[in-house]
Every structure is written in C-alpha cells, then in structure tokens.
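# Fold and contact review
Next come the chains, spelled out residue by residue.
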Amino acid sequence: MKFPGQRKSKHYFPVDARDPLVAQIQQENPLSRTHLVGVGQTIVDIEARVDDAFLARHNLSKGHSLVLEEDKAEELYQELKERNLISHEYPGDTIGNTLHNYSVLADDASILLGVMSQDLKIGSYAYRYLCNTSSRMDLDYLQPVSGPIGRCYTLITEDGERTFAINEGDMNQLRPEFVPEAAFENASALVLSSYLVRGKPTDPMKDSALKAIEYAKKHNVPVVLTLGTKYVIEGKQEWWIEFLKEHVTCVAMNEEEAEALTGEKDPLLAADKALEWVDLVLCTAGPIGLYMAGYTEDELKRESTLPLLPGRIAEFNKYEFSRPMTKASCENPIRVYSHIAPYLGGPVEIKNTNGAGDAALSALLHDMSANVYHKANVPNSAKHVAKCLTYSSFSQICQYSNRVSYQVLTQHAPRLSRGLPEREDCLEEAYWER
Ligand SMILES: Nc1ncnc2c1ncn2[C@@H]1O[C@H](COP(=O)(O)OP(=O)(O)O)[C@@H](O)[C@H]1O
Ligand SMILES: Nc1nc2c(ncn2[C@@H]2O[C@H](COP(=O)(O)O)[C@@H](O)[C@H]2O)c(=O)[nH]1
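Note that the structure is a prediction, hence the values are computed from the model and not measured.

About the criteria used
- Residues numbered from 1 in each chain as written.
- Chains lettered and ligands numbered in written order.
- Predicted model: local features only at pLDDT ≥ 70, side-chain atom pairs only at ≥ 80, totals over all residues.
- Heavy atoms only, no water.
- Helix = DSSP H or I, 4+ residues; strand = E, 2+ residues; numbered from the N terminus.
- Rg over C-alpha atoms; globule rule 2.2 N^0.38 Å.
- Contact = heavy atoms within 4.5 Å.
- Areas by Shrake-Rupley, 256 points an atom, 1.4 Å probe, with all protein chains shown as cover.
- Lys, Arg positive; Asp, Glu negative; His and termini not counted.
- Charge placed at Lys NZ, Arg CZ, Asp CG, Glu CD.
- Near = heavy atom within 4 Å.
- Polar contact = N/O pair within 3.5 Å; in protein donor to acceptor, adjacent residues only side chain to side chain.
- Nonpolar A, V, L, I, M, F, W, Y, C, P; charged D, E, K, R; others polar.
- UniProt positions renumbered as here; feature names shortened; annotations may be inferred.
- Buried < 20%, exposed > 50% of the residue type's maximum accessible area, 1.4 Å probe, protein only.
- Pairing = 2+ DSSP bridges.
- Right-handed = clockwise from strand over helix to strand, strands pointing away.
- Salt bridge = Lys/Arg side-chain N within 4 Å of Asp/Glu carboxyl O.

### Looking at the overall build of the chain
In terms of regular secondary structure, the chain is built from 13 helices and 16 strands. Scaling as 2.2 N^0.38, a compact globule of 434 residues should have a C-alpha radius of gyration of about 22 Å, and the chain matches this with 21 Å. Overall size of the chain, expressed as C-alpha extent along the three principal axes, is 60 × 50 × 40 Å. Across the chain, the fraction of contacts at a sequence separation of at least 24, relative to all contacts at a separation of at least 6, is 77%. By element, 48% of the accessible surface of the chain is carried by carbon and sulfur atoms, the whole surface being about 18,900 Å². The averaged location of the 61 negative side-chain charges in the chain is 2 Å from the averaged location of its 45 positive side-chain charges.

### Section: the side chain of S401
Relative to the elements of secondary structure, S401 occurs in helix 12 (residues 394-409). Residues within four places of S401 in sequence aside, it is in contact with L290, A360, A363 and L364.

### Brief notes about the site of ligand 2
The immediate surroundings of ligand 2 are formed by 21 residues, with Q41, D45, R162, R198 and G355 found nearest. R162 places a polar side-chain atom, nitrogen or oxygen, 2.5 Å from an oxygen atom of ligand 2. Here a nitrogen atom of ligand 2 sits 3.5 Å away from a polar atom, N or O, in the side chain of Y195. Here ligand 2 loses 95% of its free accessible area of 520 Å² to cover by the protein chains. Counting only elements with at least two residues in the shell around ligand 2, the list comes to strand 2 (43-49), helix 4 (94-106), strand 10 (162-167) and helix 11 (356-377). Grouping the amino acids of the shell around ligand 2 by side-chain chemistry returns seven nonpolar, nine polar and five charged.

### Section: the site of ligand 1
Taken together, 17 residues are adjacent to ligand 1, and N254, T284, G286, G289 and N402 come closest. At 2.9 Å, a side-chain N or O of N254 approaches an oxygen atom of ligand 1. Contact distances for ligand 1 include 2.7 Å between an oxygen atom and a side-chain N or O atom of N402. For ligand 1, the protein covers 84% of the area, taking 550 Å² as the surface of the free molecule.

### Quick look at the UniProt feature "binding site: GMP" (unreviewed entry) in the chain
In the numbering used here, UniProt assigns the "binding site: GMP" (unreviewed entry) feature to R198. Note on placement: R198 falls in the loop between strand 11 (187-193) and helix 6 (205-218). By relative accessible area, which is 25% here, R198 ends up partly exposed. Residues contacting R198, with those up to four places away along its chain left out, are S65, L66, V67, I166 and V232.

### Focus on the pairing of strand 12 (residues 223-226)
Of the two faces of strand 12, both are covered, the one formed by V223 and L225 as well as the one formed by V224 and T226. Both strand 11 and strand 12 contribute to a ladder of four bridges, which runs parallel. Looking at the pairing, L190 lines up with V223 of strand 12. Tracing the backbone out of strand 11, into helix 6 and back to the parallel element strand 12 gives a crossover that is right-handed. Sheet topology places strand 12 next to strand 13 (residues 250-254); three bridges connect them, and they run parallel. Across the sheet, the residue bridging to V224 is C250, located in strand 13.

### Details of the pattern of salt bridges
Counted under the stated rule, the structure contains 15 salt bridges. One salt bridge connects E79 with R57, and the closest N-O pair in it is separated by 2.5 Å. A residue pair is termed long-range when its members are at least 10 positions apart, and E79 in helix 3 (residues 70-82) and R57 in helix 2 (residues 52-57) qualify at 22 residues. Since its relative accessible area comes to 45%, R57 is described here as partly exposed. Bridged by salt links that share partners, the residues D52, K62 and D159 form one connected network.

The structure is reproduced here in structure tokens:
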C-alpha cells in the first residue's frame, strides 16, 4: 500500500524498511492487507466529436447517459464508423475507472465484480478492456458471458458537453452467484454506482448489487455509492433517499446529481442535506472544485489553520482538519465541511473531463483503505483512538481528490495512465503547504 499524502508525518506508514527493528517485526508478522471491491458494468468508452445535428438525428438529449436499443446503437456506430468520427477507445465504466485509479494510486489490489466475454478475440472491445486495465485489479471473479461487453459512445459536442449513449451488450448480466462472499473479507470498501439499477427488470445486475451490499454489511465494509448521472436520480429521489438511508455510508456525486437528489442547487447545502441520510459526502462541482461533508466527534474536532470560507453555511470549513467518522460512532457528532478550488486553477488545456469525478472518488477510497491498512497493522497507533473512516482529514482528502482529478483532466483517457509524479510523494512539499 502506497500511502496518500502526509508522507512526513509521525504517523507515516509503512515505516522505514531500513530500520532493523521494524524489518524484524515485519518478517515475523507479514503485513495484513486490504483491498477495494466494486460491482461494475464492463464497458468500453468509444469517444467521438460530433455536432448537435448528430445528437438530434439519433434522438439523444445532450449531457444525458442513455441506454439505446440494439438496432439504434448499431445505426449510431455505423455513422461514427462511416464518417471516421471515432477518436479514442478506452476501458470505461464509472466503477471500473474508480477501481483502476485506486489500484494505480495505492499500488494495491482491487476486485472487480462484473462480466467478461468468454470467447475473447484479439482486438475486440473485451480484449482492449483487459489490456488497458491495471494489473493490480483482480479480474479473477468476473462472470464469463457469451455476448459482448458494453459500449459507451462518449459523444463530445463543440461546447465540451458529453453525451453518453450505451449499447449494453451483456454488461447487466452479472448473477448473484458471481458475487462471492470471500471478496468482502478484509475489504476496505464496496463501491457501486446508481447505473446498476437502471437495467431491464429481468436483468440480474440489481440483485447482484444487493447481494454485494448484504456481504459488505456482514463484514462491516462501508458501502460507497457514486450517483453517475442526474438522469438516474431525477423523478426517483424518494427511492434513492431510502436506498441511501438503508445501505450507504458514503455518497459521491457532482453538483447536478446532488441537486437532483436533494433539490439544493448549492453544492454545500446539497452535501449538508445528504448528511441526513449518509455519513460522508463527496460533491464535485467542475470548475468550482469540490466539497466534502461528514461527521466527527465533537471532542476530537480540529480547527483549520486555512482561511475560513464564506458560503451558505458561514465559515463552513472551520473544522476541516478533523477526520471523518460515522455518525453512529460519535457520542456527540458535529458536522464538518471542506472545500477546495481546482488544483492550480485547473489545467491550461483540459483534454477531456471524462472520468474527473471518478478520479476524485478513487483518491477518497485510497485514503479510506489506507486507514484500514494502518489500523490492521498498527492498531495501537494514536490514529485509531477513535474509529475514523479515513486516514487523513477532510481538508487533506479534498486536496488529494482534487489533485487526482486534475491529472485526469490533463489526459484523454478516463483512467490514470500512471500514478501521481514521484516528486509529489510528499504532497505537503509540492502543494499542501502552499
Ligand atoms: N472546467 C474545469 N476547470 C477546472 N477544474 C475542473 C473543471 N472540471 C472539472 N474539474 C476538476 O475535476 C473535478 C471533478 O469534476 P466534475 O466535472 O465535477 O466531475 P464529473 O465528471 O463527475 O461531473 C472537480 O472537482 C475539479 O477539481
Ligand atoms: N457503468 C456505467 N458507466 C457509465 C454509464 N454512462 C457513462 N458511464 C461512464 O462514466 C464515465 C465518466 O465518468 P465521469 O466521472 O466523467 O462522470 C465514463 O468512463 C463512462 O464509461 C453507464 O450507463 N453505466
């Protein structure tokens, strides 16, 4: 496990391998490991620049992620091919992206539960998916299917807006028996997306997601839900609120999804509202940066030394140096908020915003895993006097998530092609002290 940030703090771990005492302990007690689990829809992103007329011709509404009928998807693909509009093809899926990025950042294992075409042809989409996925992602549990994996036509119009058109293939055919309980033992978190419930009523994917949640709860693994797109939430707010209350520890969303869920346009107020249903919120807001909201124990709250920020909740970041906890594990819970503007104001040139939100979430999940890992290996550390959800503070996680989003904005693909630059191994020096 490579650790997120604060490499020089007294709590930094893994400890220096050159210390003979530590080396001896590590030989006697091999380090306990953890991993992230995700249930995903195996999808390849097929990216093309199109005009508004193209969207109109194929009855697509801009900014939406829509599942197409097979014949409509084929028509769309044929036009893209004939007009030579396809610019890039990458493995996608909001969960696949998140697990891959997690594995790259943490240099550690994640487990993808999903489907994969059993007869792989070299050059096929399934083949490309596997070739461009981190070797740290464990794909051994994938369910073989006879059909193709999903295709996500990522249609980018001149205004930079992305419209997703999905040809689902067999991506929703994951059956509950391919969700093994063993994957949840020692897991640090289960990550799911709201896309999993929008298949046909006969698709087994939703039951598989519920099975995964059942095992996560049984093994005390936090459930993290990413909202994917506002269109899956709109009109079904009540259903999602009940789902969050019943199953979810942490919700990740962008400001549009947050508004669809809570009715609040202001991301800070939306995040605050979501705390009625979950313990931790990550709300990205494009060029505005990102917000986190959560709970901490009153006695353990830590005041920020950064400038206090104005907002719909006055000086809302006052305790952002605290570490997130579940509300239930606090005797006197207080709400904590943090915000950060885009790293360096955003890249000079944004290559593609695809995957920026997934990237932010992968950094948060890395921090959650680091906490589990540290606790298992140094249980008597001062870090674990209270039961926290993360290794770092709200403020530090905001900075880390933001930094990882920036990295994705500077490249075309939605998945990190490599980790953050080594020079930043100590983010404090390069950025956090700025
Ligand atoms: N136009 C932009 N300028 C600067 N930073 C951006 C821009 N768009 C996104 N970001 C960064 O990427 C993060 C996630 O982007 P966002 O667009 O909110 O996610 P999503 O892709 O889920 O909609 C933001 O919190 C911000 O740090
Ligand atoms: N599992 C699904 N993933 C989808 C779907 N529609 C789009 N996407 C994926 O989202 C990411 C981009 O994420 P963002 O953080 O930029 O919002 C992209 O790679 C797509 O593959 C879907 O229906 N299901």
